[in-house]
Amino acid sequence: MKKKFRINLSTTQTILLSFLLAILVGSSLLALPVSAADGIAVPYIDALFTATTSICVTGLVTVPTFSTWSLFGQIIILFLIQIGGLGVVTIMSGLMISLHRRIGIKDRMLIQDAFNLNTLSGMVKFIRKVIAGTLLIEGIGAFLYMTVFVPEFGVKGVWISLFNAVSAFCNAGMDVISENSLYAYVHNPVINTVTILLIVFGGIGYIVWWDIVGALKHIRKQKLKCFANLTLHSKIALSVTGILILAGTAAIFIFEYNNPLTIGGFSLFDKLQASLFQSVTTRTAGFATVPQEDLTNASAITSLLLMFIGGSPVGTAGGIKTVTFAVLITSAFATMKTHAEAELFHRTIPKQAVSKAVAVTSMAFIILFAATLLLSAVTDADALDIIYETVSAAATVGLTRSLTSELNIWGRIIIIITMYLGRVGPISLMIALNTKKETKNIIKNPTEDISVG
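Residues numbered from 1 in each chain as written. Predicted model: local features only at pLDDT ≥ 70, side-chain atom pairs only at ≥ 80, totals over all residues. Heavy atoms only, no water.

Time to look at the overall build of the protein. Looking only at helices and strands, one finds 18 helices and two strands in the protein. Looking at the protein residue by residue over its 453 residues, the buried ones come to 51%. Intrachain contacts of the protein at a sequence separation of at least 6 include 69% that bridge at least 24 residues. Of the roughly 23000 Å² of accessible surface on the protein, 66% is carried by carbon and sulfur atoms. (Helix = DSSP H or I, 4+ residues; strand = E, 2+ residues; numbered from the N terminus. Buried < 20%, exposed > 50% of the residue type's maximum accessible area, 1.4 Å probe, protein only. Contact = heavy atoms within 4.5 Å. Areas by Shrake-Rupley, 256 points an atom, 1.4 Å probe, with all protein chains shown as cover.)

Here we come to the layout of surface pockets. In this structure, the second largest pocket spans a volume of roughly 560 Å³. Together, 26 residues line the second largest pocket, and Val-61, Glu-179, Asn-180, Ser-181 and Thr-400 are the ones closest to its centre. For the lining of the second largest pocket, the class distribution of residues is nine nonpolar, 14 polar and three charged. (1 Å grid on protein atoms, 1.4 Å probe; cavity = no way out; pocket = protein on both sides within 12 Å on 5 of 7 lines; lining within 4 Å. Points joined across faces, edges and corners; volume = space filled by probe spheres on them. Nonpolar A, V, L, I, M, F, W, Y, C, P; charged D, E, K, R; others polar.)

Below, the discussion takes up the pattern of salt bridges. Throughout the structure, instances matching the rule amount to two salt bridges. Residues Asp-46 and Arg-412 are paired through a salt bridge, measuring 2.5 Å at the closest nitrogen-oxygen approach. One end of the pair, Asp-46, is in helix H2 (residues 44-55); the other, Arg-412, is in helix H17 (residues 409-424), and 366 residues separate them in sequence. On the basis of relative accessibility, which here comes to 12%, the residue Arg-412 falls in the buried class. Taking the shortest distance from any N to any O, the salt bridge between Arg-401 and Asp-385 comes out at 2.5 Å. (Salt bridge = Lys/Arg side-chain N within 4 Å of Asp/Glu carboxyl O.)

Right, let's talk about the side chain of Arg-412 for a bit. Side chain to side chain, Arg-412 and Asp-46 meet in a polar contact 2.5 Å long. Setting aside chain neighbours within four positions, we find Arg-412 in contact with Ile-45, Asp-46, Phe-49, Thr-62, Thr-404, Ser-405 and Leu-407. (Polar contact = N/O pair within 3.5 Å; in protein donor to acceptor, adjacent residues only side chain to side chain.)

Here we take up the packing of aromatic side chains. Enumeration over the complete set of coordinates arrives at eight aromatic pairs. Between Tyr-206 and Trp-209, the aromatic rings sit 5.0 Å apart at their centres with planes inclined by 75°, giving edge-to-face as the arrangement. Note that Tyr-206 and Trp-209 are positioned in helix H10 (residues 206-222) at a spacing of three residues, about one turn of the helix. Trp-209 matches Tyr-206 in its accessibility class, with the two residues each being buried. Ring pairs connect the aromatic residues Tyr-145, Phe-149, Phe-153 and Tyr-185, which therefore count as one cluster. (Phe/Tyr/Trp six-rings, centres within 6.5 Å; stacked < 30°, edge-to-face > 60°.)

Let us look at a nonpolar patch on the surface. A cluster of nonpolar residues, Leu-17, Leu-20, Leu-24 and Tyr-44, forms a patch on the protein surface that exposes about 340 Å² of accessible area. Among the elements that make up the nonpolar patch, the one with the highest residue count is helix H1 (residues 11-30) (three residues). Along the polypeptide, Leu-24 turns up in helix H1. Residue classification places Leu-24 among the partly exposed residues on the basis of a relative accessible area of 40%. (Patch = residues over 30% accessible without salt bridge, like charges linked within 9 Å, V, L, I, M, F, W, Y side chains within 5 Å.)

Counted by the stated rule, this structure contains one cavity of 30 Å³ or more. Size it by volume and the largest cavity reaches roughly 80 Å³. Lining the largest cavity, in full, are Asn-171, Ile-199, Val-200, Gly-203, Ile-204, Thr-241, Ile-245, Val-280, Arg-283, Gly-311 and Ser-312. Of all the secondary structure elements, the ones that give two or more residues to the lining of the largest cavity are helix H9 (189-204) and helix H11 (232-256). Ranked by the residues each element gives to the lining of the largest cavity, the list is headed by H9, at four residues. Classifying every residue of the lining of the largest cavity by side-chain character gives five nonpolar, five polar and one charged.

So this is what it looks like as structure tokens:
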């Protein structure tokens, strides 16, 4: 009797392959003539690039989204963005729940790994809340966008509003308005405010959402302070997000104040509005209201740092994440002060969290260095433009200094791979590639001191 051939994949491998499969299916659909605005099939490399940037919710594009793709193609892109933002596992789990299919232990483990959760309990409820919350916020965002886009574009404004709301919440940064992102709306407070709120809501992380809701319920019952009732994770995510947004806004406002190519000729309010938008969008959103190539070097470097850090865990944003950054900085200062352990908000940070933060950041640097080196080898662009491109791709941001569309085929392949690695995460990739089973070492090697620093 022949044995059935079965491929046993780990949960991490399943997640990585599901993203890859979604990219291949999406690129195949976008390569069809019906997906192109002029009815002539787009070159596959551009279809693959667009599918990857959509699934990886990055926003870098080699061809203009609004003019290259037909309505069918734009719908495909919108679905890919939504799948990428929520995650393939979330979409599949949501379908299973709607069909009243049982969520087994393996499915729960997939969800746990996809959202980096610490428990297997309450998964069905969590998925329902994530999908419902996402659709609700995107719906509100689309309605608010319509107040501007419908009077301007008519019925087409409904589609533009829906596309932008999903893209902003998922931190994708793609739009179907023009080649120049949101440049035309740099002075519009409604577009700026709605986009900023959608980016922040999507990037702050689902865990923080429910934590805030729970804290607000406690306020009603016990009349306690909301922030005090939050978990350590939420406190760190909210605090670091607020600090980075304010610090980024202040830095860009100062560095660009007299720059005639960006905000130099704006009123004080518009300068603050544009600076705030730039600070928020660099947190992996990808929309732009000012040309990135016209930023001063100081602003560009500030943007690079904000892009590298990104949003918060268990959300739609990329980067090394706010909590990772906070753990690294706190741990570094604890070491300099010769403290045995790092602490935040009167809580000790587990050593495992510190080790993971170091691993995530180290792998992110390795990917960035490799991508920058390779991209430098295949293009003769300015060094700052290349670094901006690779950081934007690895952190799934989508901002560019007008380099993406000028990349040759090798440059596009490098950015495609970088976007994929940035979306699935360097640690997840290493775990997926590790086929060796973990074994406990009974005998440990001797310890010896070394000099560090």
